[in-house]
Amino acid sequence: MRKNKQSPVVFAKKPAVVATQVALAVMAQFAYAQQQVAERVERVEITGTRLPALNVEGPSPVTVMDAQEIRMDGLSKTEDLLNALPQVFASQNSNMSNGATGTANVNLRGLGPTRNLVLLNGRRLPAGSPRSGATSAAADLNQIPAPLIQRVELLTGGASAVYGSDAITGVVNFIMNDRFEGLQVDLYHSFYNHQQHNTQFSDIVAARHTTNPTQFNVPGDVNDGNVNGLSLLMGRNFADNKGNATMYFAYKKEAAVSQKNRDFSACALNPRPSSGATAGSLGFQCGGSATSFPGAFFLPGLDATGTFAPGEGPTLTVADAAANTRAFVTADQFNFGPYNYYRRPSEQINFNTFAHLDLHPKVRAYTELGFHDNKTNAVIAPSGSFGTLQTIFFENPLLGSGPTSWRTEIANANATGGVPFGATGDTASVIIARRNIEGGGRDDNIRHSSYRAVLGAKGDLNKTWTYDTYFQTATVLYQSTYKNDFSNVRLGRALDVVPNPTPGGAPVCRSAIPDPRIGGAIVDAACVPWNIWSLGGVNQAALDYLQTPGLQNGETRMHVMGATVQADLGNYGLKMPSARDGLAFAFGLERRKEFLNLQTDTEFETGDLAGQGGATRSVSGKLDVDEWFTEARLPLAQRVPLADLLSINGSYRRSNYSTGKNTDTYGIGAEWAPVRNYRARASYQHAVRHANIQELFQPQGNNLFGMAGDPCGGPTPTATAAQCALSGVTPGQYGSGILNNPAGQFNFLQGGNPDLNPETANTYTLGLVMTPVRNFTASIDWWDIKIDDAVGNAPPATILTQCLNAGRFCNLVQRDALGTLWLQPNGRIVATNQNLGMYHVSGLDIAANYTWRMGNAGGFGLHFLGSYLSKWEFEPIKGLGTFDCAGFYGPQCGAPNPVWRHKARASWASPWNVDLALTWRHISEIKHEGMSTDPDLAGFVPYTNRVLGERDYLDLAAQWNINKTFSLRGGVNNIFDRDPPIVSNAAADPSIFGNGNTFPQIYDALGRLVFVNLTMKF
């Protein structure tokens, strides 16, 4: 097993050592593959240390996936490979459409993708995107092609002293196949197969189909989501085997998977009280958004105190082509689910080269070049007028004139408040929620291209000293074109319509003709009326005027210069009398420069796009850090009674940042093997994470967060009038339906803070590795991570809850004139970046590996990896107190945090060149945070959202080694097409990685994955 050090050649001389390494690798390869590894002679490195290794395991636990396991998993994307591991939690990936960044991240222990470090051959990857958002600063796994991976090493616990900032929760190190001879061609194809076997959801959709057949349709059984990939790997030794050059090229295209093609996501689900049922007995119904077609129009009226206000009157919709009205009912809500992707389509190219040449017995020059280009589309439901407050003029000729026309209904509503609406110049304030069904879904075309280069030299100075020096540069280019969105400015103009001054002419926008109010000037000659008052009234000319693209582009760059020297000081006599090996020592210098630049057009910059939830502003910044680090390991005893090995190690890093912040991080570890087959290990790391450029410099602007409803809104508010008054709700607004956004989305103000302090963490691991009998190895490791001064924004729902329940932070709850937190941009919760409270997470990882050579019957293996989450405490604001989210999900706890996950595999290498593998993946039950007994979390939860049931998935794979040239591999994941746990749309909030009434980053939401892979070696 390769160990991540920067030293030159250290050889594994005993096959048993490498065999032990393979046994310790969780989900290790088949028995025949273990023999092959045992016969290899290669350098041994450990992720988590820069020192030459005494054995194949260090004081911190490392989980390993090798190439054979990766291939048998049948997954084409690196993100999916990692998500199958119990230590990995939900984050950005291709299942995100609403809120997608176009990148894919890894999130260890559920503490966020920016708190773990991603390495490629031991060197960090750059920030994945300049796009706004906390997860954009994390490395993009799309840069790493899965077929090129030789193995993945996942280190648990802090490693900042070894690798620098960000390695708080651990390190994921991708070791690539960088030394190859020959030509290898891989062809890959996969698709999803799903039977619509859930009659409950099919019946729900069918019931709505009878009333609204254009929006609600029951899907049939499907085969979709095709993935086709081609890769070429070629390499050759040269210069009398002093050098090697390896080149890799891959192309992959993935088709989209739409929510309309699954029965449980064919509509946006809402909880529904059953007839005559108790308060807790609820079922599902198809819901949706009031921003609908042909629209919901909230007329003004009198509130509970007799005050005339928008949205307090009747809610109407369009009845016919003659501008008549009718009441808006629940069945009119818009079904946005079918427009959204369950998995985005993408097209990707990867190109990588690796080369080395021994220029001198003491100098090996090496280089790495990498390129990736990923294009994807994130499509969500159409844009429109999302409950905007519009001023409607009486003279608008599109309002009609009959007894149920818009003109008459608005006049009647105004009359209740004593406000005239019967003559030219009279106005009314109407809240309009109308979907741009004619223009189609909002389409974010996202493209990321990365360039990475490494140039270095390493070698042995003598038998004691070795060195490694390198320069690395990486650039990520980003561009996005957001199509089919509306301009808010143009929307207001297109609704302000007057009779054409030319006799017989069609109605025109007021802004398109000379306006006497501004001296006869023409404001916008291109304006075309948006006739939403009659069925069929919207024409293409209006769409051409209203729809405007939003453009973004930018880049992230990283330059790293580093040098490390290592020494075996035992050659100078620095060793303990009872030890065979001496003091190992490493020292290094590193300089890192990071840059970010994001440019947005006027539409994004001003927040003019109606479907964005707020402005996306340009940002630029840079961050420099100069560091020195050192590491030492001292064996205290070896091969003596009660100490086959007793060793301690320590590490330290000093970092000086351009922000003026300086940090010290350090760690210690110990290993003790009283006998060879049993070894205890322990480590402590004081780790740090400096705020990234996004967290420091991101401009302030509105974003969206999910909440089932405003506690102060609706006919049965969950908070009292007195509590709501603390948050700014007037007596007349209390209980108003307008306070609830039917889409379950509310505004919060986000933004950076250049004065952020680095967050610190204390991480502990304690474990036991044992080989009680031949061919069986097991390990159990306890880990504990506590982060203080955590950088981030407090959950907006937490701020609101604290205001209502304790009167705290009420100054951060800013309601608009109507009392809402969603209708107007100034209705929001302020949640900008701060050094908040803390996280405290702990648990157990259990691994076991058993192999059995069965003579002529081949080889059999059992492999197991499980993770138990005992604690996931979060203090969102200092002094507020903590709550435990282990086993919960919700607006404050975030994405689901399962208490137990495991992956178990049984494999058989038959004597007929056929290998079989059966994998069992398990995820324990998860409850909604409202079910917690903690008063900061407890609350009413609809029955449908209370529990995400446990899930078990079985995967079957087979490989046939036809001959030395051809190998055929295929399989089926999620054999029984198990549906994911389903909750309401509001509970599966995109801001916590929900989508389509579930959490597809955690569960298999798309059905059976069928894959086949042909490998040809020449």
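Preceding this paragraph is the structure being described.
Summarised in this report is the structure supplied together with it. Not measured: the values here are computed from a predicted model.

Assigned secondary structure in the chain consists of 13 helices and 52 strands. A globule of 1018 residues ought to have a C-alpha radius of gyration of about 31 Å, and the chain, at 31 Å, matches this closely. Every one of the 1018 residues in the chain was classed for burial, and the buried ones make up 60%. When contacts within the chain are restricted to residue pairs at least 6 apart in sequence, those whose partners lie at least 24 apart make up 73%. Carbon and sulfur atoms provide 57% of the accessible area of the chain, an area that totals close to 36,700 Å².

In this section: the sheet that holds strand β1 (residues 62-66). The five strands lie next to each other as β1-β6-β7-β4-β5, forming an open sheet whose pairing is mixed. In this open sheet, the two edge strands, each paired with only one partner strand, are β1 and β5 (123-124). Note: strand β4 (residues 116-120) against β5, two bridges, orientation antiparallel. Directly across from leucine 120, in β5, lies its bridge partner arginine 123.

With that settled, the discussion passes to empty space enclosed by the protein. Enumeration according to the criterion identifies 14 cavities of 30 Å³ or more in this entry. In this structure, the largest cavity spans a volume of roughly 490 Å³. In terms of lining residues, the largest cavity is bounded by 29 residues, among which Leu75, Asp80, Arg921, Tyr1003 and Asp1004 are the most central. Listed by contribution, the elements that provide at least two residues to the lining of the largest cavity are α4 (78-83), β46 (900-909) and β47 (914-923). Surrounding the second largest cavity, 30 residues form its lining, Arg124, Ala127, Ala137, Asp166 and Glu594 being those nearest its centre.

Per the counting criterion, the structure on display carries 44 salt bridges. Measuring nitrogen to oxygen at the nearest pair gives 4.0 Å for the salt bridge that ties glutamate 590 to arginine 592. You'll find glutamate 590 and arginine 592 in the same group, each marked buried. Its salt-bridge partner being arginine 681, residue aspartate 781 comes within 2.7 Å of it at the nearest N-O pair. Placement of aspartate 781 in strand β37 (residues 776-788) and of arginine 681 in strand β33 (residues 678-689) is noted, with a sequence separation of 100 residues between them. Residues participating in the shared-partner salt-bridge network are Lys77, Asp80, Lys252, Glu254 and Arg343.

For the rest of this paragraph, the subject is helix α8 (residues 488-495). Listing the buried residues of α8 in full gives Leu491, Ala494 and Leu495. Buried positions in α8, seen along its axis, are confined to an arc of 95 degrees and lie on one side of it.

Before going further, it helps to examine the nonpolar core. Leu82, Ile144 and Phe174 are the most contacted members of the largest nonpolar core, which totals 48 residues. Those elements giving two or more residues to this core turn out to be α4, β4, β6 (149-156), β7 (170-176), α6 (199-209), β10 (243-254) and β13 (282-286). Those residues within four positions of isoleucine 144 in sequence are excluded, and the remaining contacts are Thr78, Val118, Leu120, Leu125, Ile149, Phe174 and Met176. Judged by nonpolar contacts, the second largest core, of 34 residues, contains Phe297, Leu398, Ile410 and Phe486.

On to the environment of aspartate 444. By secondary structure assignment, the location of aspartate 444 is in strand β24 (residues 441-460). Considered as a pair, aspartate 444 and isoleucine 1002 are 558 residues apart in the sequence and their alpha carbons are 24 Å apart. Ignoring sequence-local partners within four residues, the contact set of aspartate 444 consists of Arg131, Thr376, Asn377, Ala378, Ser480, Thr481 and Tyr482. Engagement of the side chain of aspartate 444 in a polar contact is seen with the side chain of serine 480, the distance being 2.5 Å.

Scanning the model with the defined rule gives five disulfides in all. The residue that forms a disulfide with cysteine 267 is cysteine 286, at a sulfur-sulfur distance of 2.1 Å. An S-S torsion of about -80 degrees defines the bridge between cysteine 267 and cysteine 286 as left-handed. Here cysteine 267, found in the loop between β11 (257-258) and β12 (269-273), pairs with cysteine 286, found in strand β13; they are 19 residues apart in sequence, far enough to count as distant. Each member of the pair, cysteine 267 as well as cysteine 286, is classed as buried. A sulfur-sulfur distance of 2.0 Å marks the disulfide that ties cysteine 885 to cysteine 893. Taking the torsion about the sulfur-sulfur bond, which here is approximately -75 degrees, the covalent link between cysteine 885 and cysteine 893 counts as left-handed.

What follows covers the sheet that holds strand β45 (residues 888-889). Within the open sheet, the three strands sit side by side as β45-β48-β49. Their pairing is mixed. Taken across any chain shown, the strands that pair with only one partner, and hence form the sheet edges, are β45 and β49 (947-948).

Here the focus is the packing of aromatic side chains. Counting across every chain of the model gives 23 aromatic pairs. Centroid distance phenylalanine 297 to tryptophan 406: 4.4 Å. Interplanar angle 50 degrees. Geometry classified as tilted. Taken together, the residues phenylalanine 297 in strand β14 (residues 296-298) and tryptophan 406 in helix α7 (residues 406-416) connect sequence positions 109 residues apart. Ring geometry for phenylalanine 705 versus phenylalanine 746: centroids 6.1 Å apart, planes at 40 degrees, classification tilted. Taken together, the residues span a long stretch of sequence, with phenylalanine 705 in strand β34 (residues 701-706) and phenylalanine 746 in strand β35 (residues 745-750) at a distance of 41 residues. Exposure class is identical for phenylalanine 705 and phenylalanine 746. Each is buried. Among the aromatic residues, ring-to-ring pairing joins Tyr839, Trp872, Phe874 and Phe883 into one connected group.

A cluster of nonpolar side chains, namely Val675, Tyr678, Leu768, Ile780 and Ile846, defines an oily patch on the protein surface of about 350 Å² accessible area. Turning to its location among the elements, isoleucine 780 is positioned in strand β37.

Okay, the side chain of histidine 902 next. Structurally, histidine 902 is set in strand β46. Judged by its relative accessible area of 7%, histidine 902 falls in the buried class. In this structure the side chain of histidine 902 is engaged in a polar contact, spanning 3.0 Å, whose partner is the side chain of tryptophan 900.

A word on the environment of arginine 115. Mapped onto the fold, arginine 115 is located in the loop between β3 (107-108) and β4. You can call arginine 115 buried: its relative accessible area is 5%. Residues arginine 115 and glycine 170, 55 residues apart in the sequence, show an inter-C-alpha distance of 7.8 Å. Engagement of the side chain of arginine 115 in a polar contact is seen with the backbone oxygen of leucine 111, the distance being 2.7 Å. A polar contact is formed between the side chain of arginine 115 and the side chain of glutamate 759, at a distance of 2.6 Å.

Let us look at the pairing of β33. Counting buried residues in β33 gives nine out of 12 residues, a clear majority hidden from the surface. With eight bridges joining them, strand β32 (residues 662-675) and β33 adopt antiparallel strand pairing. Bridge pairing in β33 links valine 675 to tyrosine 678. If you look at the hairpin formed by β32 and β33, you'll find two residues sitting between the two strands. Across 12 bridges, β33 lies against strand β36 (residues 759-773) in antiparallel orientation. Note that in β36 the partner of serine 683 across the bridge is threonine 765.

Next up on the list: the environment of tyrosine 1003. Looking at the secondary structure, you find tyrosine 1003 in the loop between β51 (966-973) and β52 (1008-1017). Among the residues examined, tyrosine 1003 registers a relative accessible area of 2% and is labelled buried. Along the backbone, tyrosine 1003 and alanine 84 are 919 residues apart, and their C-alpha atoms lie at a distance of 9.6 Å. Once residues within four sequence positions are removed from consideration, tyrosine 1003 is found in contact with Ile923, Ile926, Leu948, Gly949, Arg951, Tyr953, Pro980, Pro981 and Thr998.

A separate point is the pairing of strand β23 (residues 427-435). Most of β23 is tucked away, with seven of its nine residues classed as buried. Sheet topology places β14 next to β23; three bridges connect them, and they run antiparallel. Residue pairing for β23: phenylalanine 298 is matched across the bridge by isoleucine 431. The sheet contact formed by strand β22 (residues 384-393) and β23 spans nine bridges and is antiparallel. Bridged to leucine 389 within β23 is isoleucine 431.

Parameters at a glance
Positions within a chain are numbered from 1, following the residues in the order the chain's sequence is written. Per-residue local features are limited, in this predicted model, to residues with pLDDT of at least 70; the limit for side-chain atom pairs, both in listing and counting, is 80 or more; totals at the level of whole chains, interfaces and linings are taken over all residues. Calculation of side-chain values draws on the structure's entire complement of heavy atoms; hydrogens and water are dropped beforehand. Helix and strand assignments follow DSSP, with helices taken as H or I runs no shorter than four residues and strands as E runs no shorter than two, numbered in order from the N terminus. Throughout, radius of gyration means the C-alpha value; the globule benchmark is 2.2 Å times the number of residues raised to the power 0.38. The buried label applies to any residue whose accessible area, calculated with a 1.4 Å probe on protein chains only, is under 20% of its type's maximum; exposed applies above 50%, and partly exposed to all values in between. Residue contacts follow a heavy-atom distance rule, with two residues in contact if any of their heavy atoms lie within 4.5 Å. Exposure was quantified through the Shrake-Rupley algorithm and a 1.4 Å probe, taking into account, for residues, occlusion by the shown protein chains and nothing else. Any two strands with at least two DSSP bridges between them are considered paired. Residues are said to line a cavity or pocket when one of their atoms sits within 4 Å of a point; the points come from a 1 Å grid over protein atoms alone, cavities being sets where a 1.4 Å probe fits but cannot get out and pockets being open sets with protein on both sides within 12 Å along at least five of seven lines. Grid points are joined across faces, edges and corners, and a volume is the space filled by probe spheres set on the points. Any Lys or Arg side-chain nitrogen located within 4 Å of an Asp or Glu carboxyl oxygen qualifies as a salt bridge. Along the arc lie the directions from the helix axis toward the C-beta atoms. Buried residues of nine kinds, namely Ala, Val, Leu, Ile, Met, Phe, Trp, Tyr and Cys, make up a nonpolar core once their side-chain atoms join them within 4.5 Å. Any N or O atom pair separated by 3.5 Å or less is treated as a polar contact, with the protein-specific requirement of one donor-capable and one acceptor-capable atom, and with residues adjacent in sequence counted only for side-chain atom pairs. By convention in this document, the label disulfide applies to cysteine sulfur atom pairs within 2.5 Å. Note on aromatic contacts: the rings of Phe and Tyr and the six-membered ring of Trp form a pair at centre separations within 6.5 Å, being stacked when their planes are under 30 degrees apart, edge-to-face when over 60 apart, and tilted otherwise. Like charges within 9 Å and nonpolar side chains (Val, Leu, Ile, Met, Phe, Trp, Tyr) within 5 Å are joined into patches, using only residues over 30% in relative accessible area that form no salt bridge.

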